[in-house]
Amino acid sequence: MTLLRDHDLARAFDHASHTYDRLTALNPGYRTDLLRSARRLRLPGDGAGLHVLDLGCGTGASTRALLRTAPRARITAVDASPGMLRRALAKPWPARVRFLHLTAEEVATAGEGPFDAVFAAYLFRNVTDPDRVLAAVRALLRPGARLAVHEFALSGSAVHRALWTAVCHGVIIPMGTLSGDRALYRHLWGSVLAFDTAPAFTDRLTRAGFTDVRAVPVAGWQTGIVHTFLARDGSAAAGEHAR
């Protein structure tokens, strides 16, 4: 299977941006699961005094989840797709939320941060070099700060792999074809099959220097297909903000 990468993937998301929110709304639990993953960051004080990065924000569903979880936090949301960002910017946001057109790799050199937490939803299976992005994320975090990755990562069970393929070929790819975005939704199917299993991504986080790493499955039909990965920056000295 051919996967989309880098500029080709960003262009595909640009094209799909006008129907993306409608299609994701048809997924039972899509926004609820994002909110649950954001809450698993356990940011104190409604996020007061904290700076949070939404890495790969898309049309802003993950940003909205962060805002509901930490309504007093300052949120910087970035994405590589101008089309998706335009959709996000068209929505109402408080002044403490800002959006930037940056790839995940560019954030580390853009003068942003440091951050008290990073939330990355549906990002890592789409990047060319996940280890490089994890290193960049860790460099952006304050010592002891928190990372939550909400991602399609199969459990490793053949049953969950078969269920994912059945859902994609029976529902997701046909719907994407109707919207003119078949290539993107075939990429979605293939990228999940090609990506780390949940245990493998947990190991990848640990190798990248994160600590307290664990994977939590989401509820509903996506159990064993989507997981929340939770971790902390592994630096020895954790500041008060991360407690």
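Attention in this report is confined to the structure presented alongside it.

Here is what the cut-offs are and how they apply
- Residues numbered from 1 in each chain as written.
- Predicted model: local features only at pLDDT ≥ 70, side-chain atom pairs only at ≥ 80, totals over all residues.
- Heavy atoms only, no water.
- Pairing = 2+ DSSP bridges.
- Helix = DSSP H or I, 4+ residues; strand = E, 2+ residues; numbered from the N terminus.
- Axes fitted to C-alpha atoms, helices over the stretch in contact; angles between N-to-C directions.
- Contact = heavy atoms within 4.5 Å.
- Buried < 20%, exposed > 50% of the residue type's maximum accessible area, 1.4 Å probe, protein only.

## Some remarks on the sheet that holds strand β6 (residues 210-217)
Taken in spatial order, the seven strands of this open sheet run β3-β2-β1-β4-β5-β7-β6, and their pairing is mixed. Edge positions in the sheet fall to β3 (97-101) and β6, since each has one partner strand and no second. Taking the axes of each pair of neighbouring strands and ignoring which way they run, one obtains an average angle of 15 degrees across the sheet. The pairing of strand β5 (residues 141-152) with strand β7 (residues 226-233) spans seven bridges and is antiparallel. Across the sheet, Val149 pairs through a bridge with Phe229, a residue of β7. Strands β2 (74-79) and β3 of the sheet are contacted by helix α4 (residues 82-89), whose axis makes an angle of about 165 degrees with β3. Contacting β1 (51-55), β4 (115-121), β5, β6 and β7, helix α5 (residues 130-140) runs over the sheet at an angle of about 140 degrees to β5.

## Quick look at α4
Every buried residue belonging to α4 is among Gly83, Met84, Leu85 and Ala88, and all of these are buried. Next to the buried residues of α4 lie α1 (6-25), β2 and β3.

## Here's the deal with unusual backbone geometry
The omega torsion of the bond from Gly113 to Pro114 falls at 0 degrees, within 30 degrees of zero and hence cis. As for its placement among the helices and strands, Pro114 is situated in the loop between β3 and β4. Phi is positive for Arg42, which is not a glycine, with a value near 50 degrees. With respect to the helices and strands, the residue Arg42 is situated in the loop between α2 (30-39) and β1. One non-glycine residue, Tyr122, lies in the positive phi region at around 55 degrees. With respect to the helices and strands, Tyr122 occurs in the loop between β4 and α5.

Any functional reading would require information that these geometric values do not contain.
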